[in-house]
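# Observations on the three-dimensional arrangement
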Amino acid sequence: MTDSQGRRIPDLAALYDQHGEALLRVATYNLQKFGAAHLASDAINEVFKRLIEFPPEEDVLNWESYLVRVVRNKAIDMGKREAGHDRRGQHAASEASVSPVDPFEAFETEYDVARAIGNVNRVLPALPDLERHVLLALYRDGMASKDVAEVLGVTPGRVSQLKKQAVQHVYEGLQALGGES
Amino acid sequence: MTDEWDWAKAGGEAYDIATSALIAASFVVRPPLVEDRTAQMLGLVPDPSQSLDSKRLKTARMVAGLGVEKLARRLRERGWTTKPLDVIQWEAGQSSRVPPALIAAIADELNMEPDRLTRATLAATSRLERLRDSALLRSLIDRIAQAKSLSKDAAFALLERSQPSFAYRGNPDDEQYLRILERFVEQLERGKN
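Presented here is a report on the structure given in the accompanying data block.

### Structural notes on the overall build of chain A
The secondary structure content of chain A amounts to nine helices and zero strands. Going from the N terminus to the C terminus, chain A shows its helices and strands as α-α-α-α-α-α-α-α-α. Counting every position in chain A, which comprises 181 residues, the buried fraction comes to 44%. The contacts of chain A with a sequence gap of at least 6 include a subset with a gap of at least 24, amounting to 69%. In the structure as shown, chain A presents an accessible area of about 9500 Å², 49% of it carried by carbon and sulfur atoms.

### Thoughts on the packing of helix α9 (residues 135-148) of chain B against helix α11 (residues 174-189) of chain B
Residue and element names in this part refer to chain B. Between α9 and α11, whose axes approach to 10 Å, the crossing angle comes to 15°. Taken together, the axis directions place α9 and α11 in an arrangement best described as roughly parallel. Relative to α11, α9 is oriented so that their crossing is left-handed. Touching Leu136, Leu137, Leu140, Arg143, Ile144, Ala147 and Lys148 of α9 are Leu178, Arg179, Leu181, Glu182, Val185, Glu186, Leu188 and Glu189, all from α11. Tallied by class, the residues present in the contact of α9 with α11 amount to nine nonpolar, no polar and six charged.

### Thoughts on the packing of α9 of chain B against helix α10 (residues 152-162) of chain B
Axes are the key here: two packed helices are described by the angle between their axes and the distance separating the axes. All names here are of chain B. Running from amino to carboxyl end, α9 crosses α10 at an angle of 100°, the nearest separation of the two axes being 8 Å. When the axis of α9 is compared with that of α10, the two are roughly perpendicular. Every residue of α10 that contacts α9 at Leu137, Ile141, Asp142, Ile144, Ala145 and Lys148 is listed here: Lys152, Ala155, Phe156, Leu158 and Leu159. In the contact of α9 with α10, the residues fall into eight nonpolar, no polar and three charged.

### Focus on the packing of aromatic side chains
A full pass over the atoms with the stated rule returns two aromatic pairs over all chains. Considering the side-chain rings of tyrosine 16 of chain A and phenylalanine 48 of chain A, the 5.3 Å spacing of their centres and the 80° angle between planes classify their relative orientation as edge-to-face. On the criterion of sequence distance, the pair formed by tyrosine 16 of chain A in helix α1 (residues 12-32) and phenylalanine 48 of chain A in helix α2 (residues 40-53) is long-range, its members being 32 residues apart. Measuring from ring centre to ring centre gives 5.5 Å for tryptophan 63 of chain A and tyrosine 66 of chain A, while their planes differ by 70°; the resulting arrangement is edge-to-face. Placement of both tryptophan 63 of chain A and tyrosine 66 of chain A in helix α3 (residues 63-88) is noted, with a separation of three residues, approximately one turn of the helix. Over the face of the ring belonging to tyrosine 16 of chain A we find arginine 30 of chain B, whose NZ or CZ atom lies 4.5 Å from the ring centre.

### Description of the interface of chain B and chain A
Contacts between the two partners involve 40 residues from chain B, matched on the other side by 49 residues from chain A. Taken together, the two surfaces of chain B and chain A that pack against each other cover about 4000 Å², and 66% of this comes from carbon and sulfur. For the pair chain B and chain A, the number of links is two salt bridges. The shortest N-O distance in the salt bridge between arginine 37 of chain B and aspartate 42 of chain A comes to 2.4 Å. Across the chain B-chain A interface, the total number found is 12 residue pairs in polar contact (both at pLDDT 80 or more). Of all the secondary structure elements, the ones that give two or more residues to the side of chain B that touches chain A are α1 (3-11), α2 (13-26), α3 (37-41), α5 (68-77) and α7 (100-109) of chain B. A per-element tally of the side of chain B that touches chain A places α2 of chain B first, with 13 residues. Taken together, the residues that form the side of chain B that touches chain A break down as 24 nonpolar, seven polar and nine charged.

### A word on the pattern of salt bridges
Proximity of charged atoms lets side chains of opposite charge pair with each other. Counted under the stated rule, the structure contains 18 salt bridges over all chains. Ionic pairing is found between arginine 78 of chain B and aspartate 108 of chain B, a salt bridge with its closest N-O pair at 2.8 Å. On the criterion of sequence distance, the pair formed by arginine 78 of chain B in the loop between α5 and α6 (84-91) and aspartate 108 of chain B in helix α7 is long-range, its members being 30 residues apart. With a relative accessible area of 9%, arginine 78 of chain B lands in the buried category. On the accessibility criterion, aspartate 108 of chain B (43% relative accessible area) is partly exposed. Here the salt bridges share partners, and the residues they tie into one network are Asp11 of chain A together with Arg74, Arg78, Asp108 and Glu109 of chain B.

### A look at the environment of serine 162 of chain B
With respect to the element layout, serine 162 of chain B can be found in helix α10. The spacing of serine 162 of chain B and arginine 119 of chain B is 43 residues in sequence and 7.4 Å in space, taken between C-alpha atoms.

### Overview of unusual backbone geometry
Residue and element names in this part refer to chain B. One non-glycine residue, asparagine 111, lies in positive phi territory at about 55°. Within the secondary structure, asparagine 111 is located in the loop between α7 and β2 (118-120). Assessed through its relative accessible area of 72%, asparagine 111 is described here as exposed. For serine 149, which is not glycine, the phi torsion reads 55° and is therefore positive. Note on placement: serine 149 falls in the loop between α9 and α10. Judged by relative accessible area, serine 149 falls into the exposed class, the value being 67%.

So, how was this worked out
Residues numbered from 1 in each chain as written. Chains lettered and ligands numbered in written order. Predicted model: local features only at pLDDT ≥ 70, side-chain atom pairs only at ≥ 80, totals over all residues. Heavy atoms only, no water. Helix = DSSP H or I, 4+ residues; strand = E, 2+ residues; numbered from the N terminus. Buried < 20%, exposed > 50% of the residue type's maximum accessible area, 1.4 Å probe, protein only. Contact = heavy atoms within 4.5 Å. Areas by Shrake-Rupley, 256 points an atom, 1.4 Å probe, with all protein chains shown as cover. Axes fitted to C-alpha atoms, helices over the stretch in contact; angles between N-to-C directions. Parallel < 35°, antiparallel > 145°, perpendicular 65-115°, else oblique. Left-handed = near helix turned anticlockwise from the far one by under 90°. Nonpolar A, V, L, I, M, F, W, Y, C, P; charged D, E, K, R; others polar. Phe/Tyr/Trp six-rings, centres within 6.5 Å; stacked < 30°, edge-to-face > 60°. Lys NZ or Arg CZ within 6 Å of the ring centre and 35° of its normal. Buried area = accessible area lost by both parts, 1.4 Å probe. Salt bridge = Lys/Arg side-chain N within 4 Å of Asp/Glu carboxyl O. Polar contact = N/O pair within 3.5 Å; in protein donor to acceptor, adjacent residues only side chain to side chain.

Don't take any of this as a statement about function, it's just geometry.
Now the structure itself:
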């Protein structure tokens, strides 16, 4: 199949095979704004279902960028729906699940998020050991702060401090790698 | 320290939250293929009952007049990461667990139906063996034997070799599977196979 310029449209399966993990990360990032990271796979599934039925009408020059954009939009739509649904519930909606949307947008105006996500793993090895351990325990292993404190033999307050420093160092590292869009 | 970083520090919590979200997202990994609904939907999960038939692939590629490199290049143009060595390995029977979506792409490049590039594997064969004594399968084997002037054993072997790959799509139960085979035998009787 070709587009209006005669360019071949790639197989969706091949695109998913190649970019699936990056798309899952982009969806997860965007859904976190709404406390709905668990919907990341659903967002991607919806996007590909839609693409099977309705291939893009526009000519796509860079499929990876196109998919990142479409997945981001779908994730935000689903996140908003989820947050709206929560707000209608009795007490499910926390302020935190909705309020970070605007700050995120400010962050994203100067940042290529998909690229930055890919760069995090390049930045982590350069972090001081303790800070890296804290990030891995909290974000990769999903441990609670108090458990991390126990494992590392420090106070929960110290864990919080290490996390804040680590996050700042990651941000600096991403800046140094040129993660700006 | 960059101006941006100073600004970020002034922005404070928003950057902390957003960077934390980036970090958390960077640890997300794809689920295994069998648990990945999108991969299943797109045909990226190899079908254990079917595998790429190395001899049929090589013959079809040569009939199509495509070299190994040209076939690999055409698949790459479709977005696959196929290298010439992959094609060589497929044709040598060294790597038969090729996902259905890629088999479909190969077949498309060779102007043929994907079913013509696959063969039933042990999983499919053992299902036929298990059902060999069922009344319907016995009658199907009789019909093949009659249509093709074969012994019953030869008719069974023919069915084993020729099982249409769609016989396993959607995981049909035994009864559905036999009905699919029945339709296949009807086609055979009409001289389509």
